[in-house]
Amino acid sequence: MESSTDSQLARNASVVLFGGVALSCILLIAGLARYAMHPDPIGSLQPMQMRRLGDGLAAGNPVALIHLGLLVLMITPIARIVILLIEFIRERRFAFAAISFGVLLLISLGIVLGLGS
């Protein structure tokens, strides 16, 4: 039988996942709609460097919106793990907190190694 803290934990994790996916969809649709209204020549939809994302968003660049939507989609599962880690620590479930922290370390290691290559 599931306890009330477990069901609250599951609800919190679901809200984070749903919110992240919904926000990502909104950004992707907005970027694609803006790109459809102001199309560039074929082949101009090129990847954008992360450090130029803010400038692109400020300029209303549809590619920047698409990139932001994809970034939100990639960050959503990581945010869920962070929420679970915080909840596990708050509930003094240290074994689960340690597992969550280990998963975050592995993801961080993957990101760092991926950026280095």
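With that settled, the discussion passes to the environment of Gly-56. With respect to the element layout, Gly-56 can be found in helix α2 (residues 53–58). Through-space distance from the C-alpha of Gly-56 to that of His-67 is 9.9 Å; in sequence the pair is 11 residues apart.

Let us look at the side chain of Thr-76. Counting through the fold element by element, Thr-76 comes out in helix α3 (residues 62–90). Those residues in contact with Thr-76 that sit more than four places away from it in its chain are Val-16, Leu-17, Gly-20 and Val-21.

Below, the discussion takes up unusual backbone geometry. Only a minority of non-glycine residues have a phi that is not negative, and only a minority of peptide bonds are not trans. Residue Arg-92 is not a glycine yet carries a positive backbone phi of 60 degrees. Checked against the element boundaries, Arg-92 lands in the loop between α3 and α4 (94–116). Under the relative-accessibility criterion, Arg-92 is labelled exposed at 64%.

Turning our attention to helix α1 (residues 4–37). Across its 34 residues, α1 extends 49 Å between first and last C-alpha, which sits within 8% of the 50 Å expected from 1.5 Å per residue. Listing the buried residues of α1 in full gives Leu-9, Ala-13, Gly-20, Ser-24, Leu-27, Leu-28, Gly-31 and Tyr-35. Contacts from the buried residues of α1 go to α3.

We now examine the packing of α1 against α3. Following both chains from N to C, one finds α1 and α3 inclined at 175 degrees, their axes separated by 7 Å at the closest point. The pairing of α1 with α3 is recorded here as roughly antiparallel in orientation. Each residue belonging to the contact of α1 with α3 can be placed in one class, and the counts come to 23 nonpolar, six polar and three charged.

Bringing the confidence of the model for the protein into the picture now. On average, the protein scores 86 in pLDDT, and the residues at 70 or more come to 89%. Put simply, α2 is where the protein has its lowest mean pLDDT, 85, and α3 is where it has its highest, 92.

To continue, consider a nonpolar patch on the surface. A grouping of Val-21, Leu-70, Leu-73 and Met-74 is seen on the molecular surface, where their side chains present a nonpolar patch of about 340 Å² in accessible area. The element best represented in the nonpolar patch is α3, accounting for three residues. Mapped onto the fold, Leu-73 is located in helix α3. Judged by its relative accessible area of 37%, Leu-73 is partly exposed.

The next point concerns the pattern of salt bridges. Opposite charge on two side chains permits them to pair, given that their charged atoms come into close proximity. According to the stated counting rule, one finds two salt bridges in the structure shown. A salt bridge links Arg-90 to Glu-87, with the nearest nitrogen and oxygen atoms 3.1 Å apart. Of this pair, Arg-90 and Glu-87 both sit in helix α3, three residues apart, roughly one helical turn. Using a relative accessible area of 59% as the deciding quantity, one classes Arg-90 as exposed. For Glu-87, a relative accessible area of 9% gives the class buried. Salt-bridge contacts for Glu-91 lead to Arg-93; the nearest nitrogen and oxygen are separated by 3.1 Å.

The rules behind these values
Residues numbered from 1 in each chain as written. Predicted model: local features only at pLDDT ≥ 70, side-chain atom pairs only at ≥ 80, totals over all residues. Heavy atoms only, no water. Helix = DSSP H or I, 4+ residues; strand = E, 2+ residues; numbered from the N terminus. Contact = heavy atoms within 4.5 Å. Buried < 20%, exposed > 50% of the residue type's maximum accessible area, 1.4 Å probe, protein only. Expected span 1.5 Å × (residues − 1). Axes fitted to C-alpha atoms, helices over the stretch in contact; angles between N-to-C directions. Parallel < 35°, antiparallel > 145°, perpendicular 65-115°, else oblique. Nonpolar A, V, L, I, M, F, W, Y, C, P; charged D, E, K, R; others polar. pLDDT = per-residue confidence, 0-100. Patch = residues over 30% accessible without salt bridge, like charges linked within 9 Å, V, L, I, M, F, W, Y side chains within 5 Å. Areas by Shrake-Rupley, 256 points an atom, 1.4 Å probe, with all protein chains shown as cover. Salt bridge = Lys/Arg side-chain N within 4 Å of Asp/Glu carboxyl O.

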